[in-house]
Every structure is written in structure tokens, then in C-alpha cells.
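So the chains spell out like this:
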Amino acid sequence: MDDPADVVQAAAAATTVAELDSAVTGCRACPRLVAWREAAAADPPARFRGQTYWARPVPGFGDEHAGIALVGLAPAADGGNRTGRMFTGDRSGDFLVAALHRVGLASQPTSVARDDGLVLTGLRMTAPVRCAPPANAPTAVERRTCGPWLAREIELVAPRVAVVLGGFGWKALLTTLAEQGWDVPRPRPAFGHGAELTLRRGDAALVLLGCFHVSPHNTFTGRLTPAMLDAVLDRARVLAG
């Protein structure tokens, strides 16, 4: 699929999470992102030379009926873009999955490859943008083009809680939820670490929890500590029941 209209149609046509994941991996609707993900694969850092990069959009990963959705930003050029799995093969994934294991949501504390045996229980990882962007900075147009994938995944998984990593994911998810008819306030609530927002749509409720992103910039500087991340994930487990 090569344009935004194709994305809308393919996302709407998916009746299961597996169908959605399969459709995501064939997307080529954002020329800049396609060029970047393939260029990163063609000229990797020395430590990854000789490895075959995934170099395609990265689908969500984890429990298909999860009570908790974990919403990031986009795959890293040498992480998810290399391994083909969300938060796998980079320092952000190391920090996050160790925490998921500590709180009982992951079967092991490491995430290094698609075939490493990691199982997530009660949680599904996803992102507003599925291709690695230059400088980890998708454009607003790219976010909108990729939006139907996130919208359909939220509909199919139907989580009760969303842990949102960073301001980009927070804004993107609120936009998606507003388009789906959730009662997102105006003005939109600001992102913050520890922010908690309950949205409703009919009889359904969804709680959003804000958390600083697990980027090396945040974790190396101490802006986000293991204890801070554990506290948000523990809160999500309680709310998800």
C-alpha cells in the first residue's frame, strides 16, 4: 500500500490483531520513512554489520486481549527497525522490558530478538508511528498517515488502561481516541509523568497514564528511574484488574 487511503482501507479491513499486524508490515505510505528505514538497514553501525535488518514497519507486540496498552513513539533505527519487534534490541527496550519483568508483565527481563522467547501477559506494545523516523522525529503528516493502524489496534485489543510514553504518544493517542468518539476534553490535557486521565465512551472506560519515555536520554540522566517506571506499571496493573 502506497498512499494514506490504502492505509485507511487496510486497517479497517483487519478483523483480528494478527490480520492487522500482517497488513502493517506491507505499508509504504510515507516516502521519507521508507527511505530512512531502508537506508539505516543498508549502512548499519559497525556492531550490527552483517545482520539482516527487518527494515519494514514494525507491528505491535504482546497480548492480543491485553488489559494494558503501552504506547511509545516509533521504532528505533537500530532497534525495532533491525529486529522487527517493538522495544527490542536497543537500550530503551532493555530498560522497559526489565521493568515489565519486575512487575510481572513479561516472562523474562531481556528483549534482544524476535525469537528470544519473550512473552508479554496482560500488556501489548504499540506506537503511533510504525517506521523508524530520522532523528526519532516523525512529522505531523506521518503521524496522521500512520494513525489508522493505532486506531484499529486499540479497537481490536480494547485495553482498559494505556501507559503512554512521552508527549508525542500522548498527543497522538488522544487524537485517535477523540476520533473514535471517546470523551477527550478540550483543551486537551497536557502530558506529564504520573498524569492520569479517565476517558469514557458509552459504558466503556479507558484510563491513560503518562510516563516519561524510556529513551537513553531520560534513563541515563535520571529523569526516568527504574522505580518511577515500576510505579506507573504497578498502577496500570491495579487499574486493569
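Keep in mind it's a predicted model, so treat the numbers as computed, not measured.

> Any details on the sheet that holds strand β4 (residues 161–165)? Residues and values, ideally.
Two strands in a sheet stick together by hydrogen bonds in their backbones, pointing the same way (parallel) or opposite ways (antiparallel). Taken together, 6 strands build an open sheet; the order of strands is β1-β3-β2-β4-β6-β5 and the sheet is mixed. Single-partner strands in this sheet number two, and they are β1 (61–62) and β5 (196–201). In this sheet, strand β3 (residues 123–126) lies alongside strand β2 (residues 68–71) in parallel orientation, the contact comprising 4 bridges. Looking at β3, one finds that L70 is bridged to M125.

> Describe in detail the pairing of β4, supporting the description with residues and values.
Within β4, 5 of the 5 residues are buried, which leaves the element mostly enclosed by the surrounding structure. Here β4 shows no split at all, with V161, V163 and L165 on one side and A162 and V164 on the other all buried. Here β2 pairs with β4 via 4 bridges, running parallel. Residue pairing for β4: A69 is matched across the bridge by A162. Note: β4 against strand β6 (residues 204–211), 5 bridges, orientation parallel. The partner of L165 across the bridge, within β6, is C211.

What counts as what
Residues numbered from 1 in each chain as written. Predicted model: local features only at pLDDT ≥ 70, side-chain atom pairs only at ≥ 80, totals over all residues. Heavy atoms only, no water. Pairing = 2+ DSSP bridges. Helix = DSSP H or I, 4+ residues; strand = E, 2+ residues; numbered from the N terminus. Buried < 20%, exposed > 50% of the residue type's maximum accessible area, 1.4 Å probe, protein only.

Interpretation in functional terms is not warranted from these geometric data alone.
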